[in-house]
Amino acid sequence: MTEMRYRPFGRDTWRDPYTLYRYLLEHDPVQHVPDGGYWVLSRFDDVFRAARDTATFSSAQGLTFQNEIEAIGLLPNLVMMDPPQHTAYRRLVARGFTPRQVSTLEPTLRRFVRGCVERFVDEGGGDFVSLLARPVPCFVVAQYLGVPAADRDRFEGWTEALVQAGAGGHEGGATAALAELYQYFSDQVAARRRDPADDLISDLARLDPDGVGGATEDILGYAFVMVAGGNDTATGLLGGAAELLTRHPDQRRRLLDDPSRIPDAVEESLRLASPVQGLCRVTTRDVDTSGVMLPAGSRVLLCYGAANRDPREFGPTADDFDVSRPIDRLLTFGSGAHFCLGAAAARLQGRVVLEELLRAAPRFAVDPEAGVFADGAFTRRYVSLPCEARAA
């Protein structure tokens, strides 16, 4: 077989990363990319172990192909910390993201989603992203942060610039977006300290400004994680799920016949769509991975998108969309100490959107070939996706 080398994906190449993934999984699971100066892990067990071994695979030097903390001037935030510091910061907000706590959002979220879907169906469809897949996660993030509806559109511009910067070469735009984000939430923090509300910013603003998590720069770090991570990941899930259900009408029929399978369809969509296709770590020591020695100081891409299709974990039908597939482990949200805080919120959004969309427009269909992907090497998501959606 012809040798295939990993190259960062982007707007023009996200349509099919899977041919490369199959090659890496079978022939080169620990691939060195000399011109990029990094390694790529693709097999499930290798990625799973690395994600959980924070002592060896560190997040403290950034999660992309560069140290974005230095490149674009990020303030400290919990996704770029290692334990025990990471543990202390995460503990401050974790209770707000448990499945039980997230479930309290469902009535409000469902009303919002139902309104989006009804407008979508009334118009006979349109752009799935702008009408549904982007507004829903934006609404959820704004609910957590207490952002007024009039300000939510700013999230998209900030998210675009920050995600693109992760691929390198977009530092200028990201620096400007970051400055805007930090200024906006600095004003929000000051306002909450004067007049607290029922939101995450207020909870953090009540902390001792000289203690863990209470400084303004700490709160800005949380806001960055929510805006940059909470929007594009859920948008990627919703667009990916719509694509999968369009391409696999037999699986859609199973959901229409038995809506109780929708949570399973969300899990399978998370596996196959893997909105975050990978993130980097830096090794703190020499480490043997599947017989290959990774030197200390190596930047290593944990390729979740490939690992979630590894037949060693998911069997010979790993590339197939099967809403009845039993899934014991999944890497879409990472694993271990850095398991995504927003996992329950993303699952809730996926379930509610599919329930409402299949109820109102069971024959909806997107056009993946006409869809346009976001740029950036780590998140696979549509920025536009034509869709037909008419009432049942």
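This structure is a prediction, so every number in the text was calculated from the model and none was measured.

Draft legend 1. Here's a closer look at the packing of helix α12 (residues 216–247) against helix α13 (residues 249–257). In the contact formed by α12 and α13, the axes pass within 5 Å of each other and the chain directions differ by 105°. When the axes of α12 and α13 are compared, the pair comes out roughly perpendicular. Between α12 and α13, the residues in contact are Leu-245, Thr-246 and Arg-247 and Pro-249, Arg-252 and Leu-255, respectively. For the contact of α12 with α13, the class distribution of residues is three nonpolar, one polar and two charged.

Draft legend 2. Looking closely at the environment of Arg-309. For Arg-309, the location among the structural elements is in the loop between α15 (304–307) and α16 (311–314). As for Arg-309 and Arg-193, which are separated by 116 residues in sequence, their C-alpha atoms are 47 Å apart. Beyond its immediate stretch of four places on either side in the chain, Arg-309 contacts Tyr-18, Leu-25, Arg-271, Leu-272, Phe-314, Ala-318 and Asp-319. A distance of 3.2 Å separates a polar side-chain atom of Arg-309 from the backbone oxygen of Leu-272.

Draft legend 3. The sheet that holds strand β4 (residues 125–127), seen in detail. As summarised here, the arrangement of the three strands in space is β4-β12-β9, forming an open sheet in which the pairing is antiparallel. Two strands lie at the open edges of the sheet, namely β4 and β9 (365–366), each paired on one side alone. Bridge count between β4 and strand β12 (residues 386–388): three bridges; the pairing is antiparallel. By the bridge assignment for β12, Asp-127 is matched with Pro-386.

Draft legend 4. Local environment of the nonpolar core. In this structure, Tyr-6, Leu-109, Phe-128, Leu-145, Phe-155, Phe-185 and Phe-364 are the most contacted members of the largest nonpolar core, which totals 106 residues. Considering each element in turn, this core owes the most residues, 15 residues, to α12. In this view, Leu-145 contacts Phe-185, Arg-192, Asp-199, Leu-200, Ile-201, Met-226 and Val-227; residues no more than four positions away in its chain are not counted. In terms of nonpolar packing, the next biggest core, distinct from the first, is built from 19 residues, Leu-41, Phe-48, Val-300 and Ala-318 among them.

Draft legend 5. The arrangement of the pairing of strand β8 (residues 299–302) in detail. By the alternation rule, side chains of β8 split into Arg-299 and Leu-301 and Val-300 and Leu-302, which are all buried. Direction of pairing for strand β2 (residues 38–41) relative to β8: parallel, over a ladder of four bridges. When the bridges of β8 are listed, Tyr-38 appears paired with Arg-299. Bridge analysis of strand β5 (residues 279–283) against β8 gives four bridges, and the strand direction is antiparallel. Directly across from Val-282, in β8, lies its bridge partner Arg-299.

Draft legend 6. Region of the structure containing the pattern of salt bridges. The tally for this structure, following the rule as stated, stands at 28 salt bridges. Its salt-bridge partner being Arg-206, residue Asp-203 comes within 2.9 Å of it at the nearest N-O pair. Residue Asp-203 is classed as partly exposed on the basis of its relative accessible area, which comes to 34%. Residue Arg-247 pairs with Glu-369 through a salt bridge whose shortest N-O separation is 3.0 Å. Residue Arg-247 is located in helix α12, and its partner Glu-369 is located in the loop between β9 and β10 (372–373); the two are separated by 122 residues in the primary sequence. The exposure class of Glu-369 is exposed, given its relative accessible area of 52%. Through salt bridges with shared partners, a single ionic network connects Glu-106, Arg-110, Arg-114, Arg-351, Glu-355, Glu-356 and Arg-359.

Draft legend 7. View of the packing of helix α8 (residues 135–145) against helix α17 (residues 343–360). Where α8 contacts α17, the axes come no closer than 11 Å and their chain directions differ by 135°. The angle between α8 and α17 places the two elements in the oblique class. Along this stretch, α8 crosses α17, giving a crossing that reads as right-handed. For the pair formed by α8 and α17, the contact residues are Val-136, Pro-137 and Val-140 on the first element and Ala-345, Gln-349 and Val-353 on the second.

Reading guide: rules and limits
Residues numbered from 1 in each chain as written. Predicted model: local features only at pLDDT ≥ 70, side-chain atom pairs only at ≥ 80, totals over all residues. Heavy atoms only, no water. Axes fitted to C-alpha atoms, helices over the stretch in contact; angles between N-to-C directions. Helix = DSSP H or I, 4+ residues; strand = E, 2+ residues; numbered from the N terminus. Parallel < 35°, antiparallel > 145°, perpendicular 65-115°, else oblique. Contact = heavy atoms within 4.5 Å. Nonpolar A, V, L, I, M, F, W, Y, C, P; charged D, E, K, R; others polar. Polar contact = N/O pair within 3.5 Å; in protein donor to acceptor, adjacent residues only side chain to side chain. Pairing = 2+ DSSP bridges. Core = buried A, V, L, I, M, F, W, Y, C linked by side-chain atoms within 4.5 Å. Buried < 20%, exposed > 50% of the residue type's maximum accessible area, 1.4 Å probe, protein only. Salt bridge = Lys/Arg side-chain N within 4 Å of Asp/Glu carboxyl O. Left-handed = near helix turned anticlockwise from the far one by under 90°.

So, to be careful, I would describe these as geometric facts and stop short of saying anything about function.
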